[in-house]
Amino acid sequence: MPDIVLKNLDKTFDSGFKAVNDLTLDINDSEFVVLLGPSGCGKTTLLRMIAGLEKASSGSILINGEDMTGSAPVERGVAMVFQNYGLYPHMTVYDNMAFALRHGKNKTPEDVIKKDIEEISFICKIHGQLDKKPAALSGGQQQRVALARALVRKPGILLLDEPLSNLDAGLRQHMRVEIVNIQKQLGTTVIYVTHDQAEAMTMAGRIAVIKDGELQQYAAPLEIYNMPGNEFVATFIGSPGMNIFNAGVFDNLPESLKPDTGSGCRVGIRPEHFIINSGGLDKDKFIFINGVAVEAMEALGHEYILYAAKGADKFTVRLGGKTNIKNDSRIDLAASINDVRAF
Amino acid sequence: MTRKKRSVKYYKHSSSLAAWMFLLPAMAVISVFVVYPMFKVLYLGFFKWNGLSASMEYTGLANYTGLFYSSGFWSILWNSVLFTLLTVPASFVLGLALALGLWKTAILKNVLRSAFFVPVVVSTVGAGIVWVWLFNYNSGIINGILSLFSVKPVNWLGSEKLAMLSVSVMTIWKTAGYNMVIFLAGLHSIPEVYYETCLVDGVTGNWKKFYYITWPLLRPASVFVAVTTVIFSFRSFEQIYAMTRGGPVGSTKILVYHIWEQGFRFYRMGYASAVSVVLLVLVLTVTFVQFKLSGGRDGA
């Protein structure tokens, strides 16, 4: 299976809108990479550039070390699942899957097509639907057919553009697992576009966080979560996202956490990394934020979300288990120095 | 004060009453202008009547037997069929070709679309008169162009063999723009993702994409164009009236012109009504067969 290297990719549309800006990314063979970002951040454009559906304004795309920047999609050995699936409504599921094999660049004999379709339709669990037309299938089945149609070509690279966004929450969760399993089974290199961070966190080998066409951070999910590279990644990932403070809020911020910018430095702490400071904590291992006002509270059963404020800084705190904190009370909080990020 | 209790039946009744009230104006118009004339024509077909006199002579099926036994009627019916065969496939294909040509053209798109649509808007009689000039034996521009290539002048409208073809050419010119607009609407309703899927799947070549994707997905538009152009064709009258008056020697006499001639020139209103009924049955049959052959309205 091939690896992909994107070098300094730029895409400016005719309207002058810059969708992708100087983006460099390398994707390993058989890796599952998720492009994650808010709507309009350029992640779909980037995927379409890898597919060959959009021309790069500058920069290059290397697949297996070969420059494919200007190549037609078919030469790149990619298959793609579109957001709305793009299943041909006038063909049965079988014909949809066979279409590329029958009429594509390399003609496949019918008996081989039949064997391949049987195999893939079992993996994707649509073997009972082969004679049906797409309109007769549920959303989840259509999604599987779209995936099966892409996989039956045995592509080296599979591109998925928000493939689960049209499904309901339960089915989405189920399909997340299925897609990852299928990817592991076939060893396909997958690039997966989504704006849903739960999808990204659960499916990705590595996540590329993109904002305004620029790569913000590229790392494994837990590294993105625990060591966000900048304030955008910190607040975008996590629900609620990381709290960002001006350093002055803390009573004892150690010098080691203050970057060269000095007093203007910003500090990030995830909501679940706060603990109640009821005394006895080591000053060298914890930072303190005392006299915090609790403005509102949400009880979710297994945890509490506190909407807290100190001075002008508003932030969220997530406390597990039971608590006797009340609305409008004042509390003292602390966080381990290991869990504090400085930007 | 207690509120009057109203039964479920009352509400059901009152809501269907409201529905009827909404439908009434449309039903009145349709009754007066469609249903009544249709039955009136059916009724008149059983009479001998000059269209003016107070007395009508009941003749039973005489009008029908008369027309089926007259050789003139059969040649007129054949003319109508020939006219349909000459105009419908050609204006269908031309309309489709124009639509495909202008589908993704950026340059002069609207100018060209308008240009091809203008004939549809022009009155048929006016356009017919213009085409009479174009087809003129001595001074027409068509013979003028042919003479540049040393072709002898052709008697387009005056020859029994060519008149039907000439009238058909004008009709194709007149209807192709309409078909183009329908096909363009059909083409624009096909999502771009199908072609992108082709591109990624390596299914290239315009003919393949047309055959496997565009043509099947264009079916609703195709059926609509086929059915409407056949109906229009069988209903044609103005261009015959303006260009040939059914001549020469009846070679362009088609059903509706025949109906008009019998009813309003020879005052054989009963006979004309009988021909109208035959035309109605013919058009309904052809339309029904077209729907069946194309797999009905939905079955994608």
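Residues numbered from 1 in each chain as written. Chains lettered and ligands numbered in written order. Predicted model: local features only at pLDDT ≥ 70, side-chain atom pairs only at ≥ 80, totals over all residues. Heavy atoms only, no water.

A. Seen up close, the pairing of strand E4 (residues 58-63) of chain A. One ladder, built from 5 bridges, connects strand E1 (residues 4-12) of chain A with E4 of chain A; its direction is antiparallel. The residue of E4 of chain A that forms the bridge with Asp 10 of chain A is Ser 58 of chain A. (Pairing = 2+ DSSP bridges. Helix = DSSP H or I, 4+ residues; strand = E, 2+ residues; numbered from the N terminus.)

B. Fine view of the domain arrangement of chain A. Residue and element names in this part refer to chain A. Partitioning chain A into structural domains gives domain 1 (4-235) and domain 2 (243-342). Domain 1 and domain 2 are separated by 39 Å when their C-alpha centres are compared. Both faces considered, domain 1 and domain 2 share a buried interface measuring about 630 Å² in area, 45% of it formed by carbon and sulfur atoms. For domain 1, the biggest contributors to the area lost against domain 2 are Tyr 225, Glu 231 and Ala 234; these three give 64% of the whole. Taken together, domain 1 and domain 2 are joined by 1 salt bridge. With its nearest N and O atoms 3.1 Å apart, the salt bridge here joins Glu 231 to Arg 266. The interface formed by domain 1 and domain 2 contains 4 residue pairs in polar contact (both at pLDDT 80 or more). (Domains from an automatic or database assignment. Buried area = accessible area lost by both parts, 1.4 Å probe. Salt bridge = Lys/Arg side-chain N within 4 Å of Asp/Glu carboxyl O. Polar contact = N/O pair within 3.5 Å; in protein donor to acceptor, adjacent residues only side chain to side chain.)

C. Representation of the packing of aromatic side chains within the structure. For the structure on display, the rule yields 30 aromatic pairs over all chains. Plain terms: the ring middles of Phe 68 of chain B and Phe 73 of chain B are 6.0 Å apart, the flat faces sit at 80 degrees to each other, and that makes the pair edge-to-face. Under the relative-accessibility criterion, Phe 68 of chain B is labelled partly exposed at 39%. Three or more aromatic residues link up through ring pairs in this structure, and these residues are Tyr 88 and Phe 99 of chain A together with Phe 92, Phe 183, Tyr 194, Trp 207, Phe 210, Tyr 211, Tyr 212 and Trp 215 of chain B. Between Arg 149 of chain A and the ring centre of Tyr 88 of chain A, over which it is positioned, the NZ or CZ distance is 5.1 Å. (Phe/Tyr/Trp six-rings, centres within 6.5 Å; stacked < 30°, edge-to-face > 60°. Buried < 20%, exposed > 50% of the residue type's maximum accessible area, 1.4 Å probe, protein only. Lys NZ or Arg CZ within 6 Å of the ring centre and 35° of its normal.)

D. Highlighting the interface of chain A and chain B. With 23 residues of chain A in contact, the opposing surface of chain B contributes 16 residues. Here chain A meets chain B over a buried area of about 1800 Å², counting both sides, of which 67% is carbon and sulfur. It is Tyr 88, His 90 and His 103 of chain A that lose the most area in chain A upon contact with chain B, and together they represent 29% of the buried surface on that side. Our enumeration of links across chain A and chain B arrives at 2 salt bridges. Linking Arg 153 of chain A and Asp 201 of chain B is a salt bridge whose minimum nitrogen-to-oxygen distance equals 2.8 Å. Summed over the shared surface of chain A and chain B, the number is 7 residue pairs in polar contact (both at pLDDT 80 or more). When residues of the side of chain A that touches chain B are traced back to their parent elements, those giving at least two are strand E6 (78-81) and helix H2 (93-103) of chain A. (Contact = heavy atoms within 4.5 Å.)

E. Just the layout of surface pockets, in detail. Residues and elements named next belong to chain B. Within this model, the largest pocket holds a volume of roughly 590 Å³. Val 41, Ser 276, Val 277, Leu 279 and Leu 280 are, among the 22 residues lining the largest pocket, the residues nearest its centre. Elements that contribute at least two residues to the lining of the largest pocket include exactly helix H1 (8-44), helix H12 (255-265) and helix H13 (269-293). The element that contributes the greatest number of residues to the lining of the largest pocket is H13, accounting for 10 residues. Its residues assigned to classes, the lining of the largest pocket comprises 17 nonpolar, 4 polar and 1 charged. The wall of the second largest pocket is formed by 20 residues, among which Lys 104, Glu 192, Tyr 195, Leu 199 and Lys 209 lie closest to the centre. (1 Å grid on protein atoms, 1.4 Å probe; cavity = no way out; pocket = protein on both sides within 12 Å on 5 of 7 lines; lining within 4 Å. Points joined across faces, edges and corners; volume = space filled by probe spheres on them. Nonpolar A, V, L, I, M, F, W, Y, C, P; charged D, E, K, R; others polar.)

F. Broad picture of the confidence of the model for chain B. Residue and element names in this part refer to chain B. Looking at chain B as a whole, the pLDDT averages 87, with 94% of positions reaching at least 70. Per-element mean pLDDT across chain B ranges from 85 in strand E2 (residues 57-58) up to 93 in helix H7 (residues 163-188). For this predicted complex, the interface score ipTM comes out at 0.81, while the overall pTM is 0.80. (pLDDT = per-residue confidence, 0-100.)

G. Local environment of the side chain of Lys 174 of chain B. Residue and element names in this part refer to chain B. Structurally, the position occupied by Lys 174 is in helix H7. Salt bridges are absent for the buried Lys 174, whose nearest opposite-charge side chain, Glu 238, sits at 8.0 Å. Engagement of the side chain of Lys 174 in a polar contact is seen with the backbone oxygen of Pro 119, the distance being 2.7 Å. Excluding anything up to four places from it in sequence, Lys 174 contacts Pro 119, Val 120, Val 122, Ser 123, Thr 124 and Ala 127. (Lys, Arg positive; Asp, Glu negative; His and termini not counted.)

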